[in-house]
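Close look at the chain arrangement
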Amino acid sequence: MKTSNKILLAVGILLTAFLIYYQIRFQSFKISTSSMYGALFIDDIILIDKHYEAIKTNTIVAFNTSFIDAPVCSRVVGLSNDKVEIKDGTLLINKKPLLNIGEQYEYTITSSVTLNEKQLLKRKTLLEPFILNDGYGNYRAFLTKQNAIKIKNIKGVESVEKVIVPKQIQNEKDEYACFPQHKNYNWSIDNFGEITVPKMGVKIELNQENLPLYIELIKQETQKSDTEIERLKTYTFKQDYYFMMSDNRHNAVDSRYFGFVSKAAIIGVYASTIYTSN
């Protein structure tokens, strides 16, 4: 065999091995929502590493949930056995604030001058168009804390106020009621918990108060009926679980709606963005 043919054969083998390795280790996803603005943008194509070693707080992961048909990308904020609570929009993990510089919230803006949406988007002061512009100087927008300050410093802007969703009585028939969608819980996306993330091997006592938090999880792990689970006095978790929150806090569906995510449901961790139009 000629030397050139040997080189081509070797290159072909290496390329084939690389493609096989790539398909086994990675999976690509196209982002379809603004829930992770500005870490991930609509139409971004990202790579997910399916052979991750460990999941840490603030890691972006892709996972499956029965709440949504397609795989979801979100950020891990609560690990197994962590205590998660949200007070007036501030996320607390084990009683301490967990900050993410890129997180966005809804703000109301009052201005005596017209705000140029096109320019604000170009400068990245807005990551997406205004939610509301009534033409009379009243606006609503999803903003990071830093961008809220930038808008407040525009001459003619009178106020920039963060929206806080208070606790509220849950309507169990509302598909967007907060987890656990039960009348005994009045949690909202900005006032939620405290709740402990289940950890494999940890035994808990079950009662009428905490059963709504864990009944669906126990059904998935045991295939028992509601009646059988209601008779249980204790339960030992069979898997590790996580609590997810997306960066666009007021425009995302995450664990505040669908609850805990099992380790088995996680597809992989975010590796890189291979295409973005932003």
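What this report covers is the structure whose coordinates are included nearby. What you are looking at is a predicted structure, and each value in this text was computed from that prediction instead of being measured.

**Remarks on the overall build of the chain**
Looking only at helices and strands, the chain has six helices and 17 strands in total. Each principal axis of the C-alpha distribution contributes one length, and for the chain these read about 80 × 60 × 30 Å. For the chain, the residues scored as buried account for 44% of the 278 residues in total. Look at the contacts in the chain between residues 6 or more apart in sequence, and 64% of them connect residues 24 or more apart. Element-wise, carbon and sulfur atoms account for 52% of the exposed surface of the chain, whose accessible area totals about 15700 Å². The chain carries 34 positive and 30 negative side-chain charges, and their two centres are separated by 7 Å.

**Here's the deal with the side chain of Ser-111**
Note on placement: Ser-111 falls in strand β8 (residues 104–111). Here the side chain of Ser-111 touches Val-113 through a polar contact of 2.7 Å, landing on its backbone oxygen. In contact with Ser-111, other than residues within four places in its own chain, are Gly-137, Tyr-139, Gly-156, Val-157 and Glu-158.

**Quick word on the sheet that holds strand β16 (residues 261–262)**
Backbone-to-backbone hydrogen bonds pair the strands of a sheet. The strands run either parallel or antiparallel. Taken in spatial order, the seven strands make up an open sheet running β1-β2-β17-β3-β4-β15-β16, and their pairing is antiparallel. Every other strand in the sheet has two partners, leaving β1 (26–30) and β16 as the edge strands with one partner each.

**Considering the pairing of strand β17 (residues 266–275)**
Two elements, strand β2 (residues 45–49) and β17, share five bridges in a ladder whose sense is antiparallel. Within β17, the position partnered with Leu-47 by the bridge is Ser-272. By the bridge criterion, three bridges tie strand β3 (residues 60–65) to β17 in an arrangement that is antiparallel. What sits directly across from Ala-62, in β17, is Gly-268.

**What to know about the environment of Ala-177**
Summarising the element assignment, Ala-177 is placed in the loop between β11 (157–162) and β12 (192–196). For Ala-177, a relative accessible area of 5% puts it in the buried group.

**Details of the pattern of salt bridges**
Pairing is possible between side chains of opposite charge, provided their charged atoms come close. With the rule as written, the count across this model stands at nine salt bridges. In this structure, the salt-bridge partner of Asp-247 is Arg-75, at a minimum N-O distance of 2.8 Å. Here Arg-75 lies in strand β4 (residues 68–78) and Asp-247 lies in the loop between β15 (241–245) and α6 (255–258), a separation of 172 residues in the sequence. Since its relative accessible area comes to 11%, Arg-75 is described here as buried. One salt bridge in this structure joins Lys-219 and Glu-216, with 3.1 Å as the shortest N-O distance. Of this pair, Lys-219 and Glu-216 are both found in helix α4 (residues 211–222), three residues apart, which corresponds to roughly one turn of the helix. Residue Glu-216 is classed as partly exposed on the basis of its relative accessible area of 47%. The network of salt bridges with common partners includes Glu-216, Lys-219 and Asp-226.

Conventions we followed
Residues numbered from 1 in each chain as written. Predicted model: local features only at pLDDT ≥ 70, side-chain atom pairs only at ≥ 80, totals over all residues. Heavy atoms only, no water. Helix = DSSP H or I, 4+ residues; strand = E, 2+ residues; numbered from the N terminus. Buried < 20%, exposed > 50% of the residue type's maximum accessible area, 1.4 Å probe, protein only. Contact = heavy atoms within 4.5 Å. Areas by Shrake-Rupley, 256 points an atom, 1.4 Å probe, with all protein chains shown as cover. Lys, Arg positive; Asp, Glu negative; His and termini not counted. Charge placed at Lys NZ, Arg CZ, Asp CG, Glu CD. Polar contact = N/O pair within 3.5 Å; in protein donor to acceptor, adjacent residues only side chain to side chain. Pairing = 2+ DSSP bridges. Salt bridge = Lys/Arg side-chain N within 4 Å of Asp/Glu carboxyl O.

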